[in-house]
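Reading the structure
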Amino acid sequence: MVVAPAARLALAQHARDEAPNESCGLLVLRDGVAERYVPGVNAAASPYRFELRVEDPEVWFLEDEGYELAVVHSHVSSPPRPSRTDVENVGLWAGRPYVIYTLRTGELAAWRIGDGGIEQLPLEGG
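The structure displayed is predicted, hence computed values, not measured ones.

1. Focus: empty space enclosed by the protein
Under the counting rule described, the total for this entry stands at 1 cavity of 30 Å³ or more. There is about 30 Å³ of room inside the largest cavity. In terms of lining, the largest cavity is formed by Leu-11, Ala-15, Ser-23, Tyr-37, Val-72, His-73, Ser-74 and Tyr-101. For the lining of the largest cavity, the secondary-structure elements that each account for two or more residues are helix H1 (5-18) and strand S6 (68-75). A breakdown of the residues in the lining of the largest cavity according to their chemical character gives 5 nonpolar, 3 polar and no charged.

Here it is, written out as structure tokens:
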């Protein structure tokens, strides 16, 4: 997966704006390239977990146009790897790209969480 510079800047700014709570949103990918970031609302309003709400429901239809959606959220200070809470609440994101940004260090990492465990995905632009 490649995260375009503009998408990375947008998700990092969103994380700063939402601190001390976790931010969340979607990366819109085509052919493995995250072309843009769509900020969401963390309905949980928590520094420890997120509940993604996207204001524009049309975003979900991008998959019908050949795009892939990846969830992204921030960790305020912990490393950019799935926490126990992330794994337990993966829900509909199981088996799909799951991206975490750490606000404290600026690190970005991508994962796939599924029945078989947690797999780190190669990431450029992280």
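Let's pick the thread back up.
2. Some thoughts on the pattern of salt bridges
Here the structure, examined in full by the defined rule, presents 5 salt bridges. We note a salt bridge from Arg-49 to Glu-51, for which the minimum N-O separation is 2.6 Å. A relative accessible area of 37% means that Arg-49 is categorised as partly exposed. Note on Glu-51: relative accessible area 37%, which makes it partly exposed. Notably, a salt bridge pairs Arg-112 with Glu-119, separated by 4.0 Å at the nearest N-O pair. For Arg-112, a relative accessible area of 29% translates into the label partly exposed. Here Glu-119 falls in the partly exposed class, since its relative accessible area comes to 43%.

3. Notes on the nonpolar core
With 17 residues, the main nonpolar core has Leu-26, Val-38, Val-59, Trp-93 and Tyr-98 as its most contacted residues. Broken down by secondary-structure element, the contributors of at least two residues to this core are strand S2 (24-30), S6, strand S7 (97-102) and strand S8 (108-114). Sequence-distant contacts of Leu-26, defined by excluding residues within four places in its chain, comprise Arg-36, Tyr-37, Val-38, Leu-52, Val-54, Val-59, Trp-60, Leu-69, Ala-70, Val-71, Val-72 and Trp-93. Among the nonpolar cores identified, the runner-up in size contains 16 residues, and Ala-7, Ala-34, Tyr-101 and Ala-110 belong to it.

4. Concerning unusual backbone geometry
Residue Pro-20 is reached from Ala-19 by a cis peptide bond, and omega for that bond is 15°. Tracing the sequence through the fold places Pro-20 in the loop between H1 and S2. Despite not being glycine, Asp-31 shows a phi value in the positive range, around 55°. Residue placement: Asp-31 occurs in the loop between S2 and strand S3 (33-39).

5. Some words on H1
Under the 1.5 Å per step criterion, the end-to-end length of H1 is 20 Å for 14 residues, consistent within 8% with the ideal 20 Å. Taken together, the buried positions of H1 are Ala-7, Arg-8, Leu-11, Ala-12, His-14 and Ala-15. Seen from one end, H1 has its buried residues packed into an arc of 155°, which puts them on one side. Residues Pro-5, Ala-6, Leu-9 and Asp-17 are exposed on H1 and point more than 90 degrees away from its buried face. Taken together, the buried residues of H1 touch strand S1 (2-3), S2, S3, S6, S7 and S8.

Definitions and cut-offs
Residues numbered from 1 in each chain as written. Predicted model: local features only at pLDDT ≥ 70, side-chain atom pairs only at ≥ 80, totals over all residues. Heavy atoms only, no water. 1 Å grid on protein atoms, 1.4 Å probe; cavity = no way out; pocket = protein on both sides within 12 Å on 5 of 7 lines; lining within 4 Å. Points joined across faces, edges and corners; volume = space filled by probe spheres on them. Helix = DSSP H or I, 4+ residues; strand = E, 2+ residues; numbered from the N terminus. Nonpolar A, V, L, I, M, F, W, Y, C, P; charged D, E, K, R; others polar. Salt bridge = Lys/Arg side-chain N within 4 Å of Asp/Glu carboxyl O. Buried < 20%, exposed > 50% of the residue type's maximum accessible area, 1.4 Å probe, protein only. Core = buried A, V, L, I, M, F, W, Y, C linked by side-chain atoms within 4.5 Å. Contact = heavy atoms within 4.5 Å. Expected span 1.5 Å × (residues − 1). Arc of directions from axis to C-beta.

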